[in-house]
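Breakdown of the fold
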Amino acid sequence: MIQLIRGFKDILPDETETWRYIENMAIALFQSFGFKEIRLPIVEKAELFQRSIGEHTDIVEKEMYTFVGSKEQLITLRPEATASVVRSYIQQKLYAQEPIQKLYTIGPMFRRERPQKGRYRQFYQINAEVFGIASPYIDAQLIFMLWTFFERLGISGLSVQLNSLGCPACRPAFKEALSSHLASKTGKLCADCIRRQDKNPMRVLDCKVPSCQEVIGDAPSMKDYLCDECARHFDAVQSALGLQGIPFVLNSRLVRGLDYYSRTAFEIQTNALGAQNAIAGGGRYDMLVKMLGGPAQPAIGFAIGLDRLVSLVMQGKYEKELTPDIFIAALGEETREKTFEWSCALSVAGIRTEIDFSGKSLKALMKRANRINAANVLIVGSQEIEAGAVVLRNMATKEQVTIPIDGMVNHIKKHLAS
Ligand code: HAM
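Residues numbered from 1 in each chain as written. Predicted model: local features only at pLDDT ≥ 70, side-chain atom pairs only at ≥ 80, totals over all residues. Heavy atoms only, no water.

1. With respect to the packing of helix H2 (residues 46-53) against helix H4 (residues 82-91)
Formally: As a rule, the C-alpha atoms of each element are fitted with a line to give its axis, helices using only the stretch in contact, and angles between N-to-C directions run from 0 to 180 degrees. Only DSSP runs of H or I reaching four residues or more are called helices, and only runs of E reaching two or more are called strands; each is numbered from the N terminus. Convention used here: angles under 35 degrees read as roughly parallel, angles over 145 as roughly antiparallel, angles from 65 to 115 as roughly perpendicular, and any remaining angle as oblique. Any two residues whose heavy atoms approach within 4.5 Å at even a single point are treated as in contact. We call Asp, Glu, Lys and Arg charged. Ala, Val, Leu, Ile, Met, Phe, Trp, Tyr, Cys and Pro are nonpolar, and the rest, Gly among them, are polar.
As a packed pair, H2 and H4 sit with axes 10 Å apart at the nearest point and diverge in direction by 105°. As far as their axial angle goes, H4 and H2 are roughly perpendicular. Residue-level inspection shows Leu48, Phe49 and Ser52 of H2 in contact with H4, the latter providing Ala83, Ser84 and Arg87. The class makeup of the residues in the contact of H2 with H4 is three nonpolar, two polar and one charged.

2. Overview of the side chain of His181
The cut-off we apply is this: Working definition: with a 1.4 Å probe on protein chains only, accessible area under 20% of the residue-type maximum means buried, over 50% means exposed, and in between means partly exposed.
Note on placement: His181 falls in helix H7 (residues 171-183). Residue class for His181 comes out buried when judged on its relative accessible area of 13%. In this structure, His181 is in contact with Val215, Asp218, Ala219 and Pro220, ignoring residues within four places of it in sequence.

3. Observations concerning the sheet that holds strand E4 (residues 74-77)
Definition in use: The pairing criterion for strands is at least two bridges between them, as found by DSSP.
Spatially, the three strands line up as an open sheet ordered E2-E4-E3, and their pairing is antiparallel. Each of the sheet's edge strands pairs with one partner strand only, and the pair in question is strand E2 (43-45) and strand E3 (65-68). Between one strand axis and the next, the sheet turns by 35° as a mean value, whatever way the strands run. Most of the contacts of H2 go to E2, to which it runs at about 75°, and overall it touches E2, E3 and E4.

4. A word on the site of the ligand
The following threshold applies: The criterion for a residue being near a molecule or strand is simple. One of its heavy atoms has to lie within 4 Å of it. Any N or O atom pair separated by 3.5 Å or less is treated as a polar contact, with the protein-specific requirement of one donor-capable and one acceptor-capable atom, and with residues adjacent in sequence counted only for side-chain atom pairs. The Shrake-Rupley method, run with a 1.4 Å probe sphere, supplies the accessible areas, and residue values consider only the shown protein chains as cover.
Residues in close proximity to the ligand total 27 residues, the closest being Glu80, Glu113, Glu129, Tyr261 and Ala278. Glu113 is positioned with one of its side-chain polar atoms (N or O) 2.7 Å from a nitrogen atom of the ligand. Within the side chain of Arg256, one N or O atom sits 2.9 Å away from an oxygen atom of the ligand. Considered on its own, the ligand offers 660 Å² of accessible surface; in the complex 96% of this is hidden by protein. The biggest single contributor to the shell around the ligand is strand E10 (residues 278-284), with six residues. Along the lines of polarity and charge, the residues of the shell around the ligand split into eleven nonpolar, nine polar and seven charged.

Set out below in structure tokens:
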């Protein structure tokens, strides 16, 4: 038998309900904050990711699925969505219609990481990106929106990790200080970090290797190097989060795995998923639009890791919503036509209806109704059809009511609503 590729997974029907529930909740909430959907290709020129995410990041160095397309062009399965949203904002001149754009997009991303629990090679994200707003209030509002989303899903045990990564005016001095700190401890760094300590020393702060963590422990901190403007921005973000009662933890080691960030960087972490504890991450990328050839427009955004979020939600109390409202137990061949018609009419009326055409016994049908968590069973035999009324049994309370066949859909609708 041909099997799945390692790091990829099937999302089966008992899980997709939770996926859709989460996606719908995100869409409704994001729309109420003014976001509109954008849908983008899952492939882009490799150069887009090399230039935006950064040449010396794990993603670009080791994790991209890149192949040669026509005319020898290097094509990459997108490892993230921000670069594509920025590309589209520039290419489609969205800024010319209105520089302030709030966009969300949902879909698969691809990274050739070492697969483990919560880490896949095809995974899904909900992204939200805001262009054209420099105010620190939007940073706080995005984090507030994200926090509200997790609250609505009933998720607890979360923390907001917050940092400022400075800007091109103040970061070089920090990088230099970090580089010389690392140079004095090269012996303790892993091979990747030795390679990166000059070109991209901030990536070392991200390294999970224990000996590198030790070196990072007493490394200089970006907060001591922030210029006045960055410091003011960061303070304002914190006060606005305070106003909304969002608990956050300042984490000066939070650099995120992508190079395009400036100023605010954040991550939402959970204590319930083990090593892969980040369920969302984001930050400002004020330089990226210009760097990719667009106008100088500030931007900020985040991505939620749907795979991890779904497993959190499924560990919790969330009840599946999409179980049948009605299961029709049709007894005997002579009920087949009528029940077929009714099942179509009930479904069209928006009542989740399941019917079993197998002709099995009432006992077997009740067993199946139980298995699929049907809320009610409509019991239909030839006697009921002759008498002009059928029995509707509530599977939880065992209560039974008689429903007239004439106008049945409306009767059932009213009964379910009551
Ligand atoms: P990221 O931190 O690389 O950021 O990914 C965001 C989230 O995607 C992570 O917190 C995690 O939940 C999920 N994720 C990442 N890799 C995997 C994986 N291999 N398997 C399962 N889940 C994964 C970004 O992608 C940025 N583009 C976020 C952003 C948007 N920044 C600004 N705008």
